[in-house]
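Fold and contact review
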Amino acid sequence: VAADSGTVVQAGWTNGGGGWQVEINHGNGFLSRYSHMRSGSISVSPGMVISKGTKVGYMGMSGRATGTHLQFMIEFNGDDIDPKPKLGI
């Protein structure tokens, strides 16, 4: 599910090793990425404005993966960050 509200900027296959992937721009420099999703499971498309908690698809093992999982990443101003401090974890 979407970590926060935002606009879907990418939803589909990526050649960078992440397989089937969704990217959401949350504004204020934040972008979330969901990679290695199951083929055919992506339920959003580029340009869609979605709410926090919206289903974006199902975990899988597409791209360079050795087992079923979901790779979740957060970027701030183009740099990967550890989301734990931002979430108070």
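Higher on the page you've got the structure.
Heads up: these notes are all about the structure in this document. Please read all numbers here as calculations on a predicted model, not as lab measurements.

Turning to the pattern of salt bridges, a few remarks are in order. Scanning the model with the defined rule gives 2 salt bridges in all. Where Glu23 meets Arg33, a salt bridge forms, and the shortest distance between an N and an O atom there is 2.8 Å. With Glu23 in strand 2 (residues 19-27) and Arg33 in strand 3 (residues 30-37), this residue pair connects regions lying 10 residues apart in the sequence. Here Glu23 matches Arg33 in class, with each residue buried. As a salt-bridge pair, Glu75 and Arg33 come within 2.6 Å of each other at their nearest N and O atoms. With Glu75 in strand 5 (residues 71-76) and Arg33 in strand 3, this residue pair connects regions lying 42 residues apart in the sequence. The class of Arg33 is buried, set by a relative accessible area of 13%. Three or more residues are tied together by salt bridges with common partners; here these are Glu23, Arg33 and Glu75.

Here the focus is the sheet that holds strand 1 (residues 6-14). Judged by pairing direction, the sheet is antiparallel, and its 6 strands sit side by side in the order 4-1-2-3-5-6 without closing on themselves. Bordering the open sheet on either side are strand 4 (49-50) and strand 6 (79-81), each of which pairs with just one other strand. Of the pairings in the sheet, the one linking strand 5 to strand 6 comprises 3 bridges and is antiparallel in character. Across the sheet, the residue bridging to Glu75 is Asp80, located in strand 6.

Right, let's talk about unusual backbone geometry for a bit. Non-glycine residue Asn28 carries a positive phi angle of around 55°. Inspection of the secondary structure puts Asn28 in the loop between strand 2 and strand 3. Residue Asn28 is classed as exposed on the basis of its relative accessible area of 72%. Despite not being glycine, His36 has its phi angle at roughly 70°, a positive value. When its relative accessible area of 3% is taken as the criterion, His36 is described as buried.

Taken together, Met59, Leu70 and Phe72 make up a surface patch of nonpolar side chains, about 270 Å² in accessible area. By secondary structure assignment, the location of Phe72 is in strand 5.

Scoring rules and cut-offs
- Residues numbered from 1 in each chain as written.
- Predicted model: local features only at pLDDT ≥ 70, side-chain atom pairs only at ≥ 80, totals over all residues.
- Heavy atoms only, no water.
- Salt bridge = Lys/Arg side-chain N within 4 Å of Asp/Glu carboxyl O.
- Helix = DSSP H or I, 4+ residues; strand = E, 2+ residues; numbered from the N terminus.
- Buried < 20%, exposed > 50% of the residue type's maximum accessible area, 1.4 Å probe, protein only.
- Pairing = 2+ DSSP bridges.
- Patch = residues over 30% accessible without salt bridge, like charges linked within 9 Å, V, L, I, M, F, W, Y side chains within 5 Å.
- Areas by Shrake-Rupley, 256 points an atom, 1.4 Å probe, with all protein chains shown as cover.

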